[in-house]
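Chain residues, written in single-letter form:
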Amino acid sequence: NAGVTQTPKFRVLKTGQSMTLLCAQDMNHEYMYWYRQDPGMGLRLIHYSVGEGTTAKGEVPDGYNVSRLKKQNFLLGLESAAPSQTSVYFCASGTGDRPQHFGDGTRLSIL
Amino acid sequence: SQKIEQNSEALNIQEGKTATLTCNYTNYSPAYLQWYRQDPGRGPVFLLLIRENEKEKRKERLKVTFDTTLKQSLFHITASQPADSATYLCALDPRNTPLVFGKGTRLSVIA
């Protein structure tokens, strides 16, 4: 039972490049979330989904897009990466009753 | 404005002592409060959930209290061990919206 798997684990991008982060969960959870974690800022919610085909904005959605075409997958896209998006990105999944199950993160550097 | 604060960024205690971490919030009426543990390079891991109508919850050496009048939760680790060293995050469920996380307290248990 893998839980929540994030791909890739590390990535370096140049400013202006695009990329997609993949999150997969095998727990049949309805809810999925993307966070970023920066020093001194804690975990901040980017986007989330309450079910297949649905997405909603979190606290810091600008510069990111998401898609939830399949229940088990939640994709986070950066269309034109900026240095301010250098961060550690965490995906989480859960049920309406909570708690959340987290992946081990994607460390993204944008030069 | 809404705020969630964990009392300190870092806490050092001697092995065997009780560690007490504080989570305060303003302008929220949470249905739940959760505590997570995060080790370096890993995603947060759920520890305990306490509901608004519960005063206290225990799990092995962990104890959580929730005072909705004071708007405060305390997280205790009794008989602390070096293996308890980690960052501990509190998270509020503000009812029908996603969890809001505190910035965390980094606990170091010194042998």
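Scroll up a little and you will see the structure.
S.K.: Describe the sheet that holds strand E7 (residues 64-67) of chain A, with residues and values.
M.R.: Residues and elements named next belong to chain A. One open sheet accounts for four strands, arranged E1-E3-E8-E7; its pairing is antiparallel. Each edge of the sheet is formed by a strand with only one pairing partner; in this case those strands are strand E1 (4-7) and E7. Each strand axis lies, on average, 20° off the axis of its neighbour in the sheet, ignoring direction. Pairing of E7 with strand E8 (residues 73-78) involves four bridges; the strand directions are antiparallel. Bridge pairing links serine 67 to leucine 75 in E8.

S.K.: Go over the side chain of histidine 29 of chain A, please, and point to the residues and values.
M.R.: All names here are of chain A. Mapped onto the elements of the fold, histidine 29 is located in the loop between strand E3 (19-25) and strand E4 (31-38). Look at histidine 29 and you get buried, because its relative accessible area is 8%. A polar contact is formed between the side chain of histidine 29 and the backbone nitrogen of glycine 94, at a distance of 3.3 Å. Not counting residues within four places of it along the chain, the set of residues in contact with histidine 29 comprises Arg68, Lys71, Ser93, Gly94, Thr95 and His101.

S.K.: Kindly report on the state of the cysteines, identifying the contributing residues and their values.
M.R.: Residue and element names in this part refer to chain A. Summed over the entire model, instances satisfying the criterion amount to two disulfides over all chains. The disulfide partner of cysteine 23 is cysteine 91, and the S-S distance across this bridge is 1.9 Å. Its torsion about the S-S bond being -75°, the disulfide of cysteine 23 and cysteine 91 is classed as left-handed. Taken together, the positions of cysteine 23 in strand E3 and cysteine 91 in strand E9 (residues 87-94) put the pair 68 residues apart, joining distant regions of the chain. Cysteine 91 shares its class with cysteine 23; the two are buried.

Criteria and cut-off values
Residues numbered from 1 in each chain as written. Chains lettered and ligands numbered in written order. Predicted model: local features only at pLDDT ≥ 70, side-chain atom pairs only at ≥ 80, totals over all residues. Heavy atoms only, no water. Pairing = 2+ DSSP bridges. Helix = DSSP H or I, 4+ residues; strand = E, 2+ residues; numbered from the N terminus. Axes fitted to C-alpha atoms, helices over the stretch in contact; angles between N-to-C directions. Buried < 20%, exposed > 50% of the residue type's maximum accessible area, 1.4 Å probe, protein only. Polar contact = N/O pair within 3.5 Å; in protein donor to acceptor, adjacent residues only side chain to side chain. Contact = heavy atoms within 4.5 Å. Disulfide = S-S within 2.5 Å.

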